[in-house]
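Close look at the chain arrangement
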Amino acid sequence: MRALGLLILALQDPTAGSVPQNPVSDVATDVSVLTLVTNADWVVKLVLLTLLLFSAVSWAIVFYKQAQLRRAARQSATFLGVFRKSSRFSEVQAVCKSLAGSPLVGLFQSGYTELNAQLKSAGAATDAEGRPAAAGGRPTLRSLDALDRALLRASTAEVAKLEHRVSFLATTASISPYIGLFGTVWGIMAAFQNIASAGSSSLGVVAGPIAEALIATGAGLFAAIPAVYFYNDITSRIKAFANDMDDFSMEFLSIAERNFM
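Here we take up the overall build of the protein. Broken down by element type, the protein carries eight helices and zero strands. For the protein, the sequential pattern of α-helices and β-strands runs α-α-α-α-α-α-α-α. Counting every position in the protein, which comprises 261 residues, the buried fraction comes to 34%. Taken as a whole, the protein presents about 15,400 Å² of accessible surface, with 64% of it coming from carbon and sulfur.

Written out as structure tokens, the structure reads:
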């Protein structure tokens, strides 16, 4: 009987069986990222543009450094093979121009220059690789410490070349979240202003500005997270190159000490 009564009431009121309408459903539901950016406040747009620039430059540096470090690793392996197989420094010097991407090449050339300068200043007649050109006596180094300092300066210079522009990744990683947070704070302020002007705190009034504010935060994280990852990756690889240069310096000094001391 109860079901029959409900049926009669439904026939009498056509709207009785319909689903109640949600007043929020009348609010515009287009909340795509592009729409939010288009409708954002000019300050939020400026924040997003700044973060876009930081992100674009960061990715350009990442691609450039990845290519540079791969080339350096490949050429360093080739250079070490030539260096350890050659019996004369002039043979190694001959291949340096074709392997200029390796930091070990700059290290070798600095040591080679200092070695020749010391041998010539000692008054010994030497050839291109610092060995005696005639049987006039064995050339000797005046200062092994000076050769060590020359290698150390070259190592510092090569590490600086590898680290060039990498600091921008650290800057992006540290400052981008704060720039995004500034956009978020500004968007929240706009949301409260809309509440005050509309005299209502309904979802339709505050949803848009809050969504725009969150877009700024997301953009800041989008720029910062890859920068943090690749900064750590690149710096760890540069440290590995620095260790290789230290090992090469010791090897170079050992050869110089055996032959010219």
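Let's shift gears to the packing of helix α3 (residues 42–85) against helix α6 (residues 144–163). The N-to-C vectors of α3 and α6 enclose an angle of 140°; their axes lie 10 Å apart at closest approach. Between α3 and α6, the crossing angle belongs to the class labelled oblique. Residues K65, Q68 and L69 of α3 form the contact with α6, whose participating residues are K161, L162 and E163. Across the contact of α3 with α6, the residue classes break down as two nonpolar, one polar and three charged.

Moving on, we come to the pattern of salt bridges. Counted according to the given criterion, the structure contains three salt bridges. Residue E251 is joined to R84 by a salt bridge in which the shortest nitrogen-to-oxygen separation is 3.2 Å. Residue E251 is located in helix α8 (residues 203–260), and its partner R84 is located in helix α3; the two are separated by 167 residues in the primary sequence. A salt bridge links K161 to E158, with the shortest nitrogen-to-oxygen separation between them at 3.6 Å. You can see K161 and its partner E158 sitting in helix α6, three residues apart, about one turn around the helix. Since its relative accessible area comes to 51%, K161 is described here as exposed. According to the relative accessible area criterion, E158 is buried, its value standing at 11%.

Let us look at the environment of T50. With respect to the secondary-structure elements, T50 resides in helix α3. Taking C-alpha positions, T50 is 8.9 Å from S176, a pair spaced 126 residues apart along the chain.

This brings us to the nonpolar core. Residues F79, F83, F89, F108, F248 and F252 are the most contacted members of the largest nonpolar core, which totals 36 residues. Within the residue set of this core, elements represented by two or more residues are α3, α4 (89–95), α5 (103–121), α6 and α8. Tallying contributions element by element places α8 first for this core, with eleven residues. Grouped together as the second largest cluster of nonpolar side chains are nine residues, V47, L51, F54 and A216 included.

Taking 1.5 Å per residue as the helical rise, α6 with its 20 residues ought to reach 28 Å, and the 29 Å between its terminal C-alpha atoms agrees with that figure. Among all positions in α6, only A146, L147, A150, L151, A154, S155, E158, V159 and L162 are buried. Capping the start of α6, S143 holds a side-chain oxygen 3.4 Å from the backbone nitrogen of D145, two or three residues further along. Just past α6, the residue R165 takes up positive phi, approximately 75°.

Residue placement: Q68 occurs in helix α3. A relative accessible area of 13% means that Q68 is categorised as buried. When residues no more than four places from it in sequence are discounted, the contact partners of Q68 are K161 and L162.

Right, let's talk about the packing of α5 against α6 for a bit. At a minimum axis distance of 9 Å, the contact between α5 and α6 shows a crossing angle of 155°. The angle between α5 and α6 places the two elements in the roughly antiparallel class. Remark: the crossing between α5 and α6 carries right-handed chirality. Contacts from P103, G106, L107, S110, G111, E114, L115 and Q118 in α5 reach A146, L147, A150, L151, A154, S155, E158 and L162 in α6. When the residues that make up the contact of α5 with α6 are grouped by side-chain class, the tally is nine nonpolar, five polar and two charged.

Bringing the packing of aromatic side chains into the picture now. Across all of its chains, the model carries 17 aromatic pairs by this definition. Between F89 and F108 the ring centres are 5.7 Å apart and the planes differ by 85°, which places this aromatic pair in the edge-to-face class. Of this pair, F89 sits in helix α4 while F108 sits in helix α5, and the two are 19 residues apart along the sequence. Residue F89 is classed as buried on the basis of its relative accessible area of 10%. On the basis of an interplanar angle of 80° and a centroid distance of 6.3 Å, the ring pair of F89 and Y112 is categorised as edge-to-face. Of this pair, F89 sits in helix α4 while Y112 sits in helix α5, and the two are 23 residues apart along the sequence.

The rules we used
Residues numbered from 1 in each chain as written. Predicted model: local features only at pLDDT ≥ 70, side-chain atom pairs only at ≥ 80, totals over all residues. Heavy atoms only, no water. Helix = DSSP H or I, 4+ residues; strand = E, 2+ residues; numbered from the N terminus. Buried < 20%, exposed > 50% of the residue type's maximum accessible area, 1.4 Å probe, protein only. Areas by Shrake-Rupley, 256 points an atom, 1.4 Å probe, with all protein chains shown as cover. Axes fitted to C-alpha atoms, helices over the stretch in contact; angles between N-to-C directions. Parallel < 35°, antiparallel > 145°, perpendicular 65-115°, else oblique. Contact = heavy atoms within 4.5 Å. Nonpolar A, V, L, I, M, F, W, Y, C, P; charged D, E, K, R; others polar. Salt bridge = Lys/Arg side-chain N within 4 Å of Asp/Glu carboxyl O. Core = buried A, V, L, I, M, F, W, Y, C linked by side-chain atoms within 4.5 Å. Expected span 1.5 Å × (residues − 1). Polar contact = N/O pair within 3.5 Å; in protein donor to acceptor, adjacent residues only side chain to side chain. Left-handed = near helix turned anticlockwise from the far one by under 90°. Phe/Tyr/Trp six-rings, centres within 6.5 Å; stacked < 30°, edge-to-face > 60°.

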